[in-house]
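In case you want the letters, here they are:
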Amino acid sequence: NIKTEMVVKEQSIQILMINNEEYISLTDLARYADSEEPRLPIRDWMRNKEVISFLGLWETMHNEKFKGGEFATFKNEAGSNKFKMSPQKWVKETNAIGIVSKSGRYDGGTFAHPDIAFEFASCISPEFKLYIIEDYQRLKEGENARLSLGWNLNREISKLNYRVHTDSIKENLIPPVLTQQQISYTYASEADLLNTVLFGKT
């Protein structure tokens with residue numbers, strides 16, 4: 001998994017790529033509230049009836065394999081003193097994808113889709129949530145700028161390579177007696193040859 005990191009209020013927060021989606025560490029967010037036992041704020045949050053409703057709605061919108069029957073049972077029980085919920089139980093019983101529990105020394109913990117992570121952060125502290133949203137947006141803007149720079153650089157390199165290619169054909173393969181149509185065919189033929197060698201197709 002590709003891992004990035006942001007630092008919010010001196011708290012390091014991991015972001016993992018899971019199934020081509022970014023997931024933010026709820027465990028790291030929870031350390032802002034309880035540095036010794038970060039799992040406890042997550043479990044307390046997941047006992048709330050409104051939170052279970054929100055998680056179920058998110059899954060219904062994004063997950064075709066979500067088990068609605070199990071969710072309905074949890075929704076009815078949520079909020080009572082006997083109701084207990086953990087990320088592992090939620091994922092196992094409902095086939096949820098918005099929350100992921102990972103084991104591992106360096107990238108273990110509970111991770112959630114940003115929609116869910118921001119909701120959890122608001123439970124910890126509205127101020128903390130705003131800092132997280134701003135830092136996450138800044139991180140995304142930086143990534144987009146790097147992608148744009150890389151794309152423009154690749155485009156310029158491609159243009160240079162194309163110019164070298166066409167100049168080489170002009171100097172070495174096109175005698176002065178060819179018609180314009182024959183010249184165009186020569187360029188196209190050489191391009192097809194290169195594409196076949198490099199990519200296996202014209």
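What you see is a predicted model; the values in this text were computed from it and never measured.

What counts, and at which threshold
- Residues numbered from 1 in each chain as written.
- Predicted model: local features only at pLDDT ≥ 70, side-chain atom pairs only at ≥ 80, totals over all residues.
- Heavy atoms only, no water.
- Helix = DSSP H or I, 4+ residues; strand = E, 2+ residues; numbered from the N terminus.
- Buried < 20%, exposed > 50% of the residue type's maximum accessible area, 1.4 Å probe, protein only.
- Contact = heavy atoms within 4.5 Å.
- Phe/Tyr/Trp six-rings, centres within 6.5 Å; stacked < 30°, edge-to-face > 60°.
- Core = buried A, V, L, I, M, F, W, Y, C linked by side-chain atoms within 4.5 Å.
- Axes fitted to C-alpha atoms, helices over the stretch in contact; angles between N-to-C directions.
- Parallel < 35°, antiparallel > 145°, perpendicular 65-115°, else oblique.
- Left-handed = near helix turned anticlockwise from the far one by under 90°.
- Nonpolar A, V, L, I, M, F, W, Y, C, P; charged D, E, K, R; others polar.
- Polar contact = N/O pair within 3.5 Å; in protein donor to acceptor, adjacent residues only side chain to side chain.

Trainee: Hey, could you run me through the overall build of the protein chain in this one?
Mentor: Along the backbone of the protein chain there are 8 helices and 5 strands. Element order for the protein chain, N to C, with α for helix and β for strand: β-β-β-α-α-α-α-α-β-β-α-α-α. In the protein chain, which comprises 202 residues, the proportion classed as buried is 34%. Once local pairs closer than 6 in sequence are excluded, the contacts in the protein chain between residues at least 24 apart make up 54%.

Trainee: What is the right way to read the packing of aromatic side chains from this model?
Mentor: What describes a pair of aromatic rings is the distance from one ring centre to the other and the angle between the planes of the rings. The tally for this structure, following the rule as stated, stands at 8 aromatic pairs. Ring geometry for Phe-66 versus Phe-71: centroids 5.7 Å apart, planes at 45 degrees, classification tilted. You'll find Phe-66 and Phe-71 in the same group, each marked buried. Plain terms: the ring middles of Phe-71 and Trp-90 are 6.4 Å apart, the flat faces sit at 85 degrees to each other, and that makes the pair edge-to-face.

Trainee: Where do I start with the nonpolar core in this structure?
Mentor: A general feature of soluble globular proteins is that nonpolar side chains tend to end up buried together. Membership of the largest hydrophobic core comes to 35 residues, with the highest contact counts inside it found for Leu-29, Trp-90 and Ile-132. In terms of nonpolar packing, the next biggest core, distinct from the first, is built from 5 residues, Leu-16, Ile-18, Val-100 and Phe-111 among them.

Trainee: When you look at the packing of helix H3 (residues 49–62) against helix H4 (residues 68–77) in this model, what are you seeing that I'm missing?
Mentor: Relative placement of two packed helices is described by the angle separating their axes and the distance separating the axes. Running from N to C, H3 and H4 point in directions that differ by 160 degrees, and their axes come no closer than 8 Å. Comparing their axes, H4 and H3 come out roughly antiparallel. The way H3 lies across H4 gives a crossing that is left-handed. Listed contacts from H4 to Lys-49, Ile-52, Ser-53 and Gly-56 of H3 are Phe-71, Phe-74, Lys-75 and Asn-76. Partitioning the contact of H3 with H4 into residue classes produces 3 nonpolar, 3 polar and 2 charged.

Trainee: Hey, could you run me through the packing of helix H2 (residues 39–46) against helix H6 (residues 114–124) in this one?
Mentor: Their axes nearest at 11 Å, the elements H2 and H6 cross at an angle of 100 degrees. Classified by the interaxial angle, the pair formed by H2 and H6 is roughly perpendicular. Counting all contacts with H2, which are made through Pro-41, Ile-42 and Trp-45, the residues of H6 involved are Ile-116, Glu-119, Phe-120 and Cys-123.

Trainee: Help me understand the side chain of Asn-63, please; the structure alone is not making it clear to me.
Mentor: Tracing the chain through its elements places Asn-63 in the loop between H3 and H4. The buried category is assigned to Asn-63, whose relative accessible area is 9%. At 3.0 Å, the side chain of Asn-63 and the backbone nitrogen of Lys-65 are in polar contact. Not counting residues within four places of it along the chain, the set of residues in contact with Asn-63 comprises Asn-95, Ala-96 and Ile-97.

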